[in-house]
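The residues making up each chain are set out below.
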Amino acid sequence: MSIRDDLLNAGRRASEVLVEYGARDRIDSGYTRIDPELIAGVADVVVVYRKMQRLLGGFIREENANGILVNFDRPRGLVHMTCAHELGHFFLGHSSTADETVDYVHDADVIEQQANQFAYSLLSPAWLVAVTMRQRGWSREHLRIPSIVYQLSLRLGTSFTAMVWSLVRLGHLARQDAERLVAIKPISVKRDALNGKLPKDAAKDVWILNKADKDRILEPGTQDEFVVDLPNHAGSGHLWSIDQLRSAGFTIKPVLKDGREPAPQSPKKVTVGGGAATMRYSLVLPVESTQTTQENANSVGPLHRVIEMLEAPPWQSGTLPNDRFGFTAEFDVMKDGLSQTERDRRLSSSRGPR
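(A) Molecular detail of the overall build of the chain. Counting its regular elements, the chain contains 12 helices and 13 strands. Taking all 354 residues of the chain together, 52% fall into the buried category. In the chain, of all internal contacts separated by at least 6 residues, the share reaching a separation of at least 24 is 65%. Accessible surface, the chain: about 17,300 Å² in total, of which carbon and sulfur atoms supply 52%.

Here it is, written out as structure tokens:
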């Protein structure tokens, strides 16, 4: 059997796992990404997060137990990719291994290339890319724009670079366009999202939301930033505000362009005020929403926050809103020790049936 056949088989195995573990049901319920940690939990594979200097991850196969070790001191997309790569070793029947990279070249060991192919196929299956593009109204031409590929990578939970090469593998992007995209520094894309301002933490992500994200369940990092593009009817006296009954502690404010330096060109111009079709707002999360307390850390289930915004005339309190926009943020908490999925499973098991 050739290496090409080995890689095709790895991709097919990933597709089988997605069906077997009901990954599409999760997407249909409102989530935007495949969660390898959840799949590992159902497959009885223990995921443990650790800070490590060199290793990205490792897979341990033993007679009575299987485990995955993931370095969480890396960007979230790379952490997800590492978990999916190690999960590939499990589903493909490989023995224990340690990985300093998950982006193996063509002359690497076959098992590493297979695990890499499995990870790409698991996190970015063709059907999920198509679903996301359709929801966002993106065509293949849009995928040549760095900011759009970046936003696609956030929703699929993978790194920007992995997203670019996934699009190449799926035939959505030419290699020359891919090489141009991966040469772009992520900080410039994040600054573009903030209309020329630098993010508070360059290592964190910046999400651009709009009406296509309505009622979706997003899984950001705990310190990620949000901007929201919403229809602008300020000329008729309608303004957007936070529904405090649903979104306690959250605030919004218009995003103003930083005049100190020109912002990179965006595929869609968003201005504040006047007759612009869209206004861009910064969504500010309360401090307690971005910190995992001891109570949250020991509870069953992830940290949820529901955010809802209303458009109405500010001087007419109690009137029905002209429009609504809302979504759920289910914060992707990673810290030293057992994964949230494994902690929840063990806690539920210890409590027993009610």
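Here the narrative resumes.
(B) Here's a closer look at the environment of phenylalanine 90. Looking at where phenylalanine 90 falls in the secondary structure, it is placed in helix α4 (residues 76-91). With relative accessibility at 17%, the residue phenylalanine 90 sits in the buried group. For the pair phenylalanine 90 and alanine 40, spaced 50 residues apart in the sequence, the C-alpha separation amounts to 9.3 Å.

(C) Quick look at the confidence of the model for the chain. For the chain, per-residue confidence averages 86 on the pLDDT scale, and 86% of positions sit at 70 or higher. Per-residue pLDDT stays below 50 along residues 258-275; that stretch engages in 31 contacts with residues further than four places along the chain or on separate chains.

(D) Geometry of the packing of helix α7 (residues 146-156) against helix α10 (residues 186-193). Interhelical geometry of α7 versus α10 gives an angle of 95° and a closest axis separation of 10 Å. Considering the angle they form, α7 stands roughly perpendicular to α10. Residues Pro146, Ser147 and Tyr150 of α7 pack against Val189, Lys190 and Asp192 of α10. Tallied by class, residues from the contact of α7 with α10 come to 3 nonpolar, 1 polar and 2 charged.

(E) Focus on the sheet that holds strand β6 (residues 217-218). The 4 strands are arranged β6-β12-β11-β8 in an open sheet whose pairing can be described as mixed. In this open sheet, the two strands that pair with only one neighbour each are β6 and β8 (239-242). Alignment of strand β11 (residues 303-312) against strand β12 (residues 323-331), held across 9 bridges, turns out to be antiparallel. Bridge pairing in β12 places leucine 310 opposite arginine 324.

(F) Representation of the pairing of β12 in the model. Burial runs high along β12: 8 of the 9 residues are buried. Both β6 and β12 contribute to a ladder of 2 bridges, which runs parallel. Its bridge partner lying in β12, isoleucine 217 is registered against threonine 328.

(G) Inspection of the sheet that holds strand β3 (residues 66-71) at higher detail. Ordered by their spatial adjacency, 5 strands build an open sheet running β4-β2-β3-β1-β13, and the pairing between neighbours is mixed. Every interior strand has two partners, whereas the edge strands, β4 (97-99) and β13 (337-338), have only one. Here strand β2 (residues 57-61) pairs with β3 via 5 bridges, running antiparallel. Directly across from isoleucine 60, in β3, lies its bridge partner glycine 67. Strand contacts of α4: β1 (45-50), β2, β3 and β4, with the helix running at about 155° to β3, the strand carrying the most contacts.

(H) Spatial organisation of α4. The first and last C-alpha atoms of α4 sit 23 Å apart over 16 residues, in line with the 22 Å expected at 1.5 Å per residue. In terms of residue burial, α4 counts as a mostly covered element, since 15 of its 16 residues are buried. Phi turns positive, to about 75°, at glycine 93, one or two residues after α4.

(I) Spotlight on α7. Among the 11 residues in α7, 11 count as buried, and that is most of the element. Within α7, the full set of buried residues consists of Pro146, Ser147, Ile148, Val149, Tyr150, Gln151, Leu152, Ser153, Leu154, Arg155 and Leu156. Residues of α7 that are buried sit in contact with α5 (110-123), α6 (126-136), α8 (160-169), α9 (175-182), α10 and β5 (206-209). Once α7 finishes, glycine 157 follows within two positions and takes phi at roughly 70°, a positive value.

(J) Layout of the pattern of salt bridges. Going through the model one piece at a time under the given rule, you end up with 21 salt bridges. In the salt-bridge network here, residues are joined through shared partners; they are Arg26, Arg33, Asp35, Arg76, Asp205, Glu219, Asp224 and Asp332.

(K) View of unusual backbone geometry. Located in the positive-phi region is asparagine 195, a residue other than glycine, with phi close to 55°. Here asparagine 195 is to be found in the loop between α10 and β5. Residue class for asparagine 195 comes out buried when judged on its relative accessible area of 13%. We note that aspartate 215 has phi near 65°; this positive angle belongs to a residue other than glycine. Mapped onto the elements, aspartate 215 comes out in the loop between β5 and β6.

Conventions used here
Residues numbered from 1 in each chain as written. Predicted model: local features only at pLDDT ≥ 70, side-chain atom pairs only at ≥ 80, totals over all residues. Heavy atoms only, no water. Helix = DSSP H or I, 4+ residues; strand = E, 2+ residues; numbered from the N terminus. Buried < 20%, exposed > 50% of the residue type's maximum accessible area, 1.4 Å probe, protein only. Contact = heavy atoms within 4.5 Å. Areas by Shrake-Rupley, 256 points an atom, 1.4 Å probe, with all protein chains shown as cover. pLDDT = per-residue confidence, 0-100. Axes fitted to C-alpha atoms, helices over the stretch in contact; angles between N-to-C directions. Parallel < 35°, antiparallel > 145°, perpendicular 65-115°, else oblique. Nonpolar A, V, L, I, M, F, W, Y, C, P; charged D, E, K, R; others polar. Pairing = 2+ DSSP bridges. Expected span 1.5 Å × (residues − 1). Salt bridge = Lys/Arg side-chain N within 4 Å of Asp/Glu carboxyl O.

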